[in-house]
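# Remarks on the overall topology
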Number of protein chains: 2
Amino acid sequence: MTLNQHMRAASSDGGAARVPEFDAVVARFTEVVGPEWVLLDEGRVSEFRDPFEGPDATEHQPRFVVQPGTVEEVQAVVRIANELGVPLWTSSMGRNFGYGGSAPVVNGSVVLSLRRLNRVLEVDEAAGYVLFEPGVTFFDLYEELRRRDIKLAISVPDLGWGSVMGNALQHGFGYHQHGIHADAVCGLEVVLADGDLLRTGHGANPRSTLWQAHKRGFGPTIDNLFMQSNFGVVTKMGLWLAPRPEVITTGAIICEGDDDIVPLVEMLRPLVRNGTVQGLPLLAGTRYVPDDATGVAADLGRRLRKAARPGRWNARISMYGDARIVAAQQAVIEERVAEIPGAKLTLNTYPGDIGPDEIEVRDRVPAGIPSMLLLNVMKEHFYGDNLGHIDFSPIIPFEGQAAAKHERMVTSVLDEFELTGFFSWIVNSRTMVGACMVLFDRTSAEEVARAHAAVRKMCDLAAEWGWTEYRAHIALGDEIAKNFDFNDFALSRTYTKIKDALDPNGILSPGSHGIWPSPMRD
Amino acid sequence: MTLNQHMRAASSDGGAARVPEFDAVVARFTEVVGPEWVLLDEGRVSEFRDPFEGPDATEHQPRFVVQPGTVEEVQAVVRIANELGVPLWTSSMGRNFGYGGSAPVVNGSVVLSLRRLNRVLEVDEAAGYVLFEPGVTFFDLYEELRRRDIKLAISVPDLGWGSVMGNALQHGFGYHQHGIHADAVCGLEVVLADGDLLRTGHGANPRSTLWQAHKRGFGPTIDNLFMQSNFGVVTKMGLWLAPRPEVITTGAIICEGDDDIVPLVEMLRPLVRNGTVQGLPLLAGTRYVPDDATGVAADLGRRLRKAARPGRWNARISMYGDARIVAAQQAVIEERVAEIPGAKLTLNTYPGDIGPDEIEVRDRVPAGIPSMLLLNVMKEHFYGDNLGHIDFSPIIPFEGQAAAKHERMVTSVLDEFELTGFFSWIVNSRTMVGACMVLFDRTSAEEVARAHAAVRKMCDLAAEWGWTEYRAHIALGDEIAKNFDFNDFALSRTYTKIKDALDPNGILSPGSHGIWPSPMRD
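These remarks concern the structure in this document. (Residues numbered from 1 in each chain as written. Chains lettered and ligands numbered in written order. Predicted model: local features only at pLDDT ≥ 70, side-chain atom pairs only at ≥ 80, totals over all residues. Heavy atoms only, no water.)

### Brief notes about the interface of chain B and chain A
You'll often see interface size given as the accessible area lost when the parts meet. Listed as interface residues are 92 residues of chain B and, on the opposing side, 92 residues of chain A. The contact between chain B and chain A buries some 7,800 Å² in all, and 58% of this surface belongs to carbon and sulfur atoms. In this assembly, chain B and chain A are joined by 10 salt bridges. Put simply, Lys 497 of chain A and Asp 194 of chain B hold a salt bridge, and the shortest N to O gap is 3.7 Å. On the surface where chain B and chain A come into contact, there are 36 residue pairs in polar contact (both at pLDDT 80 or more). Those elements giving two or more residues to the side of chain B that touches chain A turn out to be α8 (181–184), β9 (197–199), α9 (261–273), α11 (323–338), β17 (395–397), β19 (431–441), α15 (477–481) and α16 (486–502) of chain B. (Contact = heavy atoms within 4.5 Å. Buried area = accessible area lost by both parts, 1.4 Å probe. Salt bridge = Lys/Arg side-chain N within 4 Å of Asp/Glu carboxyl O. Polar contact = N/O pair within 3.5 Å; in protein donor to acceptor, adjacent residues only side chain to side chain. Helix = DSSP H or I, 4+ residues; strand = E, 2+ residues; numbered from the N terminus.)

Here you go:
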């Protein structure tokens, strides 16, 4: 599809209808950023679409892409959009492929891509934080710390190519200490919808050195207001990093029985909650397929089994710190694991400064070393470069029975839709966050539609149990937001009041997470 | 002073001038809560004044007090105030005596006291949280857990009589795990200025069981928006509690040299940051007074020395958990302490379920057992029941030199004003929060004014170094807010936009933390 076709498709949409004369908008943005950074050619725009949208997509299409190179240029672009009523869709790197990449909710929005803002601005080793821009990836940040031999550790998600900031703003997770990335955020710089520049917390005091060191200034802390929202464009972020530990011990508890998920989860909970296990455990489940099983589900299951981690259940756990303390933690864990019949514990211990080439590949991510392993394994076993995935990521209680129920539902929906997917939970202190990547061939419109339908069904079933997704594909935002209906959607109505106050023309990422400005609310 | 005198004093004030006809307001509130809970008599109103305001106070006077008994009554009271334009001042228990108690910023405000909402609504031992109302004190919560033998630990501040919720909403601290109380908050119920009822996070999904279990719903998390602000009246709060540990080890590192503060702080920092020391250490400094020293400062210093904890510097540290892991942590700490010449380490280890009567009194607070020790010690040595204090609580870098500079400034201002005070820091991961209680005789108007002037001077000097208070007496809010002037007060202007959106008539706690509705901004 050419850009013109996309634009024609977009022109039938209510959102796009608000976009003023195309040439005038392009001209104004070009004045600010120069012609090189207003991307109009399909060749340059394509990577800002939903990468797995399928060949027949007409919704969620960017009209074009603007890439400012400085905060001042971001301010100028936002001011023009506000003046002309152009809907922008903010994107950092746009690597959140399971959730739509850089694609906007409102068809015909202009993607405001922040990739060119890619500097690590400050690293404070003694205080343990970093200040950086939206275009910095996990690989970038890791390399910067490594190059300067800074004794801090970062928490990385499964794929290292994404924006550190974008991940945190989307409530993303990693597995090291500070693995709940949104919790590690300390201080933001934000361009507001009128182009005004805001700094939060102690950043609002130009004489303070504590912008990235203390989360609360005087008055309310509003960092969280700019996460999973459309209230501003974040241009700088402070993030807390853990000290590089003396040792890293990481490995897995492996169980083989279908029902072992229940005692495994129950055993993990107190260890996570009292900090004996550190970082965020990753708990994965993969069925064994009987040799005599036939049919699509069995075939997909056998391929998945080859790609997956060992065991029917695999709980990856890690510890970080002084060797003596970690040894004591390990002794406690060994005792607990021994209480589950048949459960096996395997752990590797590395020096805290271990590099990517000295560590077992599968231990990189829990050691805070960015990797692309997960994507490579998936491509190797499923669809090669045509691999697509859409993610189903509900937050569920940290309870064995809830996990068992969750897995049964997901596998039955996958079987029903003749699909497969990687299935795991990212373990928080009081909840587990499902991470199910439903796989498909992105060149098949039918298969893309089937995968979307399967995830939609999973969301519907989860909603009946009161479970909602921590993060979702842009096409699902409104539906998920509909679950939050206490007192006639009081929370959603509050979001809209804040949206209207901070962005009265509704130009910033309208529809993100079901948040709409008043005139666009249904 | 009688209530009538207070009201006459208030009537010369711009804020009070906005209050409509007194009798009509009283009548409307009485219809909702009944005559018993509209407090008009000076005898019942007095405890909602600044307890240490001095005998001649005319500012920050409550007009009267209304005490609803249910959330529905809170909603009705707020609706009436919104209709009539009555400024309310929300107070939970009002025990924040060093910061003004329940006294309002705007003279003649009606105190909305939430003490009657005093239920612990839910305790989930397995998931590790509690849901409770504003009138629950630390003593109440502790007794409830103890009575039901629930194996969870609470974090308590120095004085246990205050509201758990009020403390968290004011960014208060305790010393156990989850000692940064605002960080432990998970889910709020809030009455908005129009009487509407909001539940945040998963509380907005009536079918969810995760309101207190997962901090982020779908879209931005706004719990922090209702802390140190005036955007709503919080009526329910979820709070995370740590598991009751197998053992509690607590004690102090004691140094005797004036300059030992620098190596002590530098030694503590990595131990705090990697979790070897747990909870929040309390670092206190008390000068020795030469035997031949004379004058007011020396006399006050000698009395303070008798009341204070041992040593020139005293760093209280704690560990909580499995006995083997705590022993390993202790071994690491012993090695570090040995590197500071003359430093002494004393630690006590208790079973995790130790009760208040079996533990050394000074170890209660770090063990999560509420206490009134600090106030009793202060009263014993200074002014008895006439003891007053106003607190100076700046956030400073977690650096030895910063601590030394801070203590020199505070002691020199105290000497200059011929005052004394308890001096300590609550140690966070990347900052230290000064807690200096400036003491005075509250029956002396001159001494009260002198203490206020001293704290004002400390704030001014701290501001020159870029340091601001984490919390302050109501009389100081506007001055402290003036430090946050980046980009022509962009943060403050944003607060006002949100204030106007959520409370267009500006009836909720106007002036709290320097946040004013548009019509009242200067």
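Picking up where we left off.
### So, the relation of the copies chain B and chain A
Of the transformation superimposing chain B on chain A, the axial component is 0.0 Å and the angular component is 180°, with the fit at an RMSD of 0.0 Å. Accordingly, the operation relating the two chain copies is best matched by a two-fold axis. Most of the interface of chain B is mirrored in chain A, where 100% of its interface residues again form contacts. (Least-squares fit on C-alpha atoms with pLDDT ≥ 70 in both.)

### Examining the sheet that holds strand β10 (residues 233–240) of chain A
Residue and element names in this part refer to chain A. An order of β5-β6-β10-β8-β9 is seen for the five strands of this open sheet, with the pairing classed as antiparallel. Either end of the sheet is taken by a strand with one partner, and the two such strands are β5 (120–124) and β9 (197–199). Recorded for the sheet is a direction-independent mean angle of 10° between the axes of neighbouring strands. (Pairing = 2+ DSSP bridges. Axes fitted to C-alpha atoms, helices over the stretch in contact; angles between N-to-C directions.)

### Here's the deal with the side chain of His 171 of chain B
Positionally, His 171 of chain B belongs in the loop between α7 (164–169) and α8. Of note is the side chain of His 171 of chain B, whose polar atom sits 3.5 Å from the side chain of Gln 228 of chain B. The residues touching His 171 of chain B, leaving out its near neighbours within four places in the chain, are Arg 216, Gly 217, Gly 219 and Thr 221 of chain A together with Ala 182, Met 227, Gln 228 and Tyr 470 of chain B.

### Digging into the state of the cysteines
All names here are of chain A. Per the stated rule, a full pass over the model turns up zero disulfides over all chains. Lacking any disulfide linkage, Cys 436 is separated from the closest cysteine sulfur, that of Cys 459, by 11 Å. Take Cys 436: its relative accessible area is 1%, and that puts it in the buried class. (Disulfide = S-S within 2.5 Å. Buried < 20%, exposed > 50% of the residue type's maximum accessible area, 1.4 Å probe, protein only.)

The values reported here are purely geometric and, on their own, carry no functional implication.
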